[in-house]
Amino acid sequence: MTTVLAIETSCDETAVAIVNNRKVCSSIVTSQISVHGQYGGVVPEVASRQHLEVVNQAIAQALEQANLGWQDIDGVAATCAPGLVGALLVGLMAGKTLAMLHNKPFLGVHHLEGHIYANYLSEPSLEPPFLSLLVSGGHTSLIHVQDCGVYETLGTTRDDAAGEAFDKVARLLKLGYPGGPIIDKLAQEGNPQAFRLPEGKVSLPQGGYHPYDASFSGLKTAVLRLVQKFEAENQPVPVADIAASFQETVAKALTKRAIACALHHNLSAIAVGGGVAANSALRSHLQAAASQQHIRVFFPPLKYCTDNAAMIACAAAEHLKMGDTSSFSLGVHSRLSLSQIRELYTLS
Ligand code: KG4
Ligand code: ZN
């Protein structure tokens, strides 16, 4: 049994959680959305300061909610890449200090690995190999999870990440931030077939299209043109219909690529992760398409789709069980590919 306390401060959520293998003992998430909302996006310096203000309290709350003391903790983890450097540093320094103070092993965790392992929190039977569809504000990837720490990226986005596309389209529809949940809610009142929008195929130099890569910038531009057309004609912008059509296009594009990728690589399970995994259209399209192909599909509970520390603790517990620990000299990285993940650990 491995119990890990983890800290996640890579972007605009200060989160601390304690996880025992795949069981969540406590999970504290303090969101900064109201602070950044007025700017329409995350302001890095503001994020770091907010993390500093609440991280100690969140650590105390996580221990209290779990009803555990330091004697019960086997390891301390913190997200160390990728993310905002100043924000990551707050969590990393807090984690290292606590590990040193209480004489526990320390582990730096790759944020995307956390999103992959969010699925373990609700699915005790899920084990590699499987395909991870990772769709967040910063990433859109199809990853072949071969083993803990062994990942092959098979597909990606050529421009905007899926969540970023939701946020940008919400901004141009003047709906607020973060765009995903707002568009998802509004889309329930709209007609997903109202407008035909481009799904964002990626051409290959030798002809044809890349089977797994996506591009969302053309879709975003198409929505902009649509809004401009209604405005130029002095007509009210049908916001709900546009939101529903946009969401439908993204959900179908992601579903098509994930199913093709799983079939070509002979993978019988798809585990979705990241904030966009909360999207209702993606959930229903992917579930329907996967069941036709006899592929199992997993979505984390909504609270573990968006950023949280339980998923980071779960990833750390998997590494700790394999004997992985990180050096106290480990730094943060604003970018780090999943294929470089071994650089975070020294085998004990
Ligand atoms: O994983 P996450 O919390 O942070 C990153 O690591 O990026 O993902 C945040 C992203 C935001 O872009 C947000 O708009 C999107 O996830 N999101 C959604 C939904 N809930 C959050 N996108 C579509 N539908 C949702 N229901
Ligand atoms: Zn994330």
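So, here is what we can say about the structure in this document. Think of each chain on its own: its residues are numbered from 1, step by step along the sequence as written. Each chain takes a letter, starting from A, and each ligand takes a number, starting from 1, following the order in which they are written. Side-chain atom pairs in this predicted model are given and counted only at pLDDT of 80 or more, local residue features only at pLDDT of at least 70, and totals for whole chains, interfaces and linings cover all residues. To obtain the side-chain values, all non-hydrogen atoms of the structure were included, while hydrogens and water were left out.

## Here's the deal with the sheet that holds strand E4 (residues 75–81)
Then, number 1: The five strands are arranged E3-E2-E1-E4-E5 in an open sheet whose pairing can be described as mixed. Of all strands in the sheet, those with a lone pairing partner are strand E3 (23–31) and strand E5 (106–110), marking the two edges. On average, each strand axis in the sheet is tilted by 20° relative to the strand beside it, whichever way the strands run.
Then, number 2: Two strands are counted as paired when DSSP detects at least two bridges linking them. Secondary structure follows DSSP: runs of H or I at least 4 residues long count as helices, runs of E at least 2 residues long count as strands, and numbering of each begins at the N terminus. Sheet topology note: the E4/E5 ladder contains five bridges and is parallel. For Ala 78, the partnering residue across the bridge sits in E5 and is Gly 108.
Then, number 3: Only heavy atoms enter the contact rule, under which two residues are in contact if any of them lie within 4.5 Å. Note on geometry: axes are lines fitted to C-alpha atoms, helical ones only across the stretch in contact, with angles between N-to-C directions running from 0 to 180 degrees. The strands touched by helix H3 (residues 85–101) are strand E1 (3–8), E4 and E5; relative to E4, the strand with the most contacts, the crossing angle is about 160°.

## Digging into the coordination of the zinc ion (ligand 2)
Then, number 1: Around the zinc ion (ligand 2), the protein supplies His 111 (NE2), His 115 (NE2) and Asp 307 (OD) as donor atoms, at distances of 2.0 to 2.1 Å.
Then, number 2: In this listing, donors mean N, O and S atoms no farther than 2.8 Å from the metal, or 3.2 Å for Na, K and Ca; water is missing from the atoms, so a site can look incomplete. Going along the chain, you hit the donors of the zinc ion (ligand 2) in the pattern H-x3-H-x191-D. Placement of His 111 in helix H4 (residues 111–117) and of Asp 307 in the loop between strand E10 (296–298) and helix H10 (310–321) is noted, with a sequence separation of 196 residues between them.
Then, number 3: Owing to a relative accessible area of 16%, Asp 307 belongs among the buried residues under this scheme. Categorising residues by exposure relies on relative accessible area from a 1.4 Å probe, with only protein chains included: less than 20% of the type maximum marks a residue as buried, more than 50% marks it as exposed, and the intermediate range marks it as partly exposed.

## Side note on the pairing of E4
Then, number 1: Among the seven residues that make up E4, seven are buried, leaving the element largely enclosed by the rest of the structure.
Then, number 2: Pairing analysis gives four bridges linking E1 to E4, with the strands arranged parallel. Note that in E4 the partner of Ile 7 across the bridge is Ala 78.
Then, number 3: Tracing the backbone out of E4, into H3 and back to the parallel element E5 gives a crossover that is right-handed. Crossover handedness is defined here as right-handed if the route from the first strand over the helix to the second strand goes clockwise, with the strands pointing away from the viewer.

## Re the pattern of salt bridges
Then, number 1: By salt bridge we mean one thing: a side-chain nitrogen of Lys or Arg within 4 Å of a carboxyl oxygen of Asp or Glu. Counted under the stated rule, the structure contains 12 salt bridges.
Then, number 2: The closest approach of N and O atoms between Lys 252 and Glu 248, which form a salt bridge, is 3.8 Å. Note that Lys 252 and Glu 248 are positioned in helix H8 (residues 239–264) at a spacing of four residues, about one turn of the helix.
Then, number 3: Accessibility expressed as a relative area gives 43% for Lys 252, which makes it partly exposed.
Then, number 4: Owing to a relative accessible area of 13%, Glu 248 belongs among the buried residues under this scheme.
Then, number 5: It is possible to trace a salt-bridge network through shared partners that takes in Asp 160, Glu 164, Lys 168 and Lys 220.

## Structural notes on the environment of Thr 3
Then, number 1: With respect to the helices, strands and loops of the structure, Thr 3 is situated in strand E1.
Then, number 2: For Thr 3, a relative accessible area of 8% corresponds to the buried category.
Then, number 3: Considering only alpha carbons, one finds Thr 3 and Ile 18, 15 residues apart in sequence, at a separation of 6.9 Å.
Then, number 4: When near neighbours in sequence (up to four residues on either side) are disregarded, Thr 3 contacts Ile 18, Val 19, Asn 20, Leu 68, Asp 72, Ile 73, Asp 74 and Gly 75.

## What to know about the site of ligand 1
Then, number 1: For this description, a residue counts as near a given molecule or strand if any of its non-hydrogen atoms is within 4 Å of it. Gly 137, Asp 167, Gly 180, Asp 184 and Asn 279 are the nearest of the 21 residues found near ligand 1.
Then, number 2: For ligand 1, an oxygen atom lies 2.7 Å from a polar atom in the backbone of Gly 137.
Then, number 3: One of the backbone N or O atoms of Gly 180 is found 2.9 Å from an oxygen atom in ligand 1.
Then, number 4: Contact with the protein chains hides 88% of the accessible area of ligand 1, taken as 560 Å² for the molecule alone.
Then, number 5: Of all the elements in the fold, those that place two or more residues in the shell around ligand 1 are H4, helix H5 (162–172) and helix H6 (179–187).
Then, number 6: Per-element accounting of the shell around ligand 1 gives the leading share, four residues, to H6.
Then, number 7: Classifying every residue of the shell around ligand 1 by side-chain character gives six nonpolar, 12 polar and three charged.
Then, number 8: These domain boundaries are the output of an automatic or database domain assignment. When residues are assigned to domains, the shell around ligand 1 turns out to be shared by domain 1 (3–119 + 305–344) and domain 2 (129–299), each giving three or more. Counted as a polar contact is a pair of N or O atoms within 3.5 Å, where, for protein atoms, one must be capable of donating a hydrogen and the other of accepting one, and residues adjacent in sequence contribute only when both atoms are in side chains. Accessibility throughout is a Shrake-Rupley quantity obtained with a 1.4 Å probe, and a residue counts as covered only by protein chains that appear here. Residue polarity follows a fixed list, in which Ala, Val, Leu, Ile, Met, Phe, Trp, Tyr, Cys and Pro are nonpolar, Asp, Glu, Lys and Arg are charged, and the others, Gly among them, are polar.

## A closer look at the sheet that holds strand E9 (residues 269–273)
Then, number 1: Read from one edge of the open sheet, five strands run E8-E7-E6-E9-E10, paired in mixed fashion. The open sheet is flanked by strand E8 (150–156) and E10, the only strands paired with a single partner. In this sheet, neighbouring strand axes are inclined to one another by 25° on average, regardless of whether the strands run parallel or antiparallel.
Then, number 2: Alignment of E9 against E10, held across three bridges, turns out to be parallel. If you follow Ile 270 over to E10, its bridge partner there is Val 297.
Then, number 3: Along the sheet face, H8 touches strand E6 (130–135), strand E7 (140–147), E8 and E9 and points at about 160° away from the line of E6.

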